[in-house]
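# Fold and geometry: a report
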Amino acid sequence: MKALYAPWRMGYILSNGKENGCVFCPGKDRSKDEERLILFVGERTMVLMNRYPYNNGHLLVAPVKHLSGLEQLNNKEMQDLMLMVRKTVEILKEVMNPDGFNVGLNLGWVAGAGMEEHLHFHVVPRWKGDTNFMTIFGDVRVIPEYLSETYKKLLPHYQ
């Protein structure tokens, strides 16, 4: 068995990533948005970067309200959430020029939701060849850009 060391994750593991009780709940203090990789917080929706992305530019779109299921959203919240998913795809197209996208959500732990208590959509840009030999043979994903650099590129588009 091979060991892959990722000591930078220990802080997240120990804190469970829940400064405000939930990694998705933005709270009222905007001073830590960059540290928390939050790109946008509106009245009903928010956008943040995935700290452990599948691909470069992997973003999460969530309602501001702490909800676990689609049926808990009212029509205005659902509309705003889907419009922000669309806007996020448009921004990623402009900034990162991907060949396609995976967009979706996992409802419930058995469906793959790592944070099932707060509903969120994954928006993952994809490029031809982004699944390469490292992923296939080494079971390792290569992210070609620091999260902080991607954050700086995307933030102006959410202002």
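Residues numbered from 1 in each chain as written. Predicted model: local features only at pLDDT ≥ 70, side-chain atom pairs only at ≥ 80, totals over all residues. Heavy atoms only, no water.

This part takes up the packing of aromatic side chains. According to the stated counting rule, one finds 1 aromatic pair in the structure shown. Consider the rings of F40 and Y158, whose centres lie 6.4 Å apart with planes at 35°: the pair is tilted. Of this pair, F40 sits in strand β1 (residues 38-41) while Y158 sits in the segment after α4 (147-154), and the two are 118 residues apart along the sequence. (Phe/Tyr/Trp six-rings, centres within 6.5 Å; stacked < 30°, edge-to-face > 60°. Helix = DSSP H or I, 4+ residues; strand = E, 2+ residues; numbered from the N terminus.)

Confidence along the protein averages 84 in pLDDT terms, with 80% of residues attaining 70 or more. Model confidence for the protein, summarised as mean pLDDT per element, is weakest for helix α3 (residues 133-138) at 53 and strongest for helix α2 (residues 75-96) at 97. pLDDT under 50 marks residues 16-20. Its contacts with residues more than four places away, or in other chains, come to 13 contacts. (pLDDT = per-residue confidence, 0-100. Contact = heavy atoms within 4.5 Å.)

Quick look at the environment of G104 now. In this fold, G104 is placed in strand β4 (residues 100-104). Sequence spacing of G104 and V61 is 43 residues, and the spatial spacing of their C-alpha atoms is 10.0 Å. Contact partners of G104, with chain neighbours within four places excluded, come to H120, F121 and H122.

It is worth spelling out α2 at this point. For α2, with 22 residues, the first-to-last C-alpha span of 31 Å sits near the 32 Å given by 1.5 Å per residue. Regarding α2, the residues found buried are E77, D80, L81, M84, V85, T88, V89, I91, L92 and M96. Summarising the contacts, the buried residues of α2 are in contact with β1, β2 (45-49), β3 (59-63), β4, β5 (121-126) and α4. Two or three places before K76, at the opening of α2, N74 has a side-chain oxygen 3.0 Å from that residue's backbone nitrogen. Phi for N97, located one or two positions after α2, is positive at around 50°. (Expected span 1.5 Å × (residues − 1). Buried < 20%, exposed > 50% of the residue type's maximum accessible area, 1.4 Å probe, protein only. Polar contact = N/O pair within 3.5 Å; in protein donor to acceptor, adjacent residues only side chain to side chain.)

Per the stated rule, a full pass over the model turns up 0 disulfides. Residue C25 stays outside any disulfide, its sulfur separated by 3.9 Å from that of C22, the closest cysteine. (Disulfide = S-S within 2.5 Å.)

Looking now at the side chain of H122. Considering the arrangement of structural elements, one finds H122 in strand β5. In terms of polar contacts, H122 uses its side chain to reach the side chain of H58, at 2.8 Å. A polar atom in the side chain of H122 sits 3.4 Å from the side chain of H120. If we skip the residues at most four places from it in the chain, H122 touches N50, H58, L59, L60, N102, V103, G104 and N106.

Enumeration over the complete set of coordinates arrives at 7 salt bridges. Between E145 and K153 there is a salt bridge, with the nearest N and O atoms lying 2.6 Å from each other. E149 serves as the salt-bridge partner of K152, at 3.7 Å between the closest nitrogen and oxygen. Of this pair, K152 and E149 both sit in helix α4, 3 residues apart, which is roughly one turn of that helix. Overall, E149 belongs to the partly exposed group, its relative accessible area being 35%. Through salt bridges with shared partners, a single ionic network connects E43, R44, K76 and D80. (Salt bridge = Lys/Arg side-chain N within 4 Å of Asp/Glu carboxyl O.)

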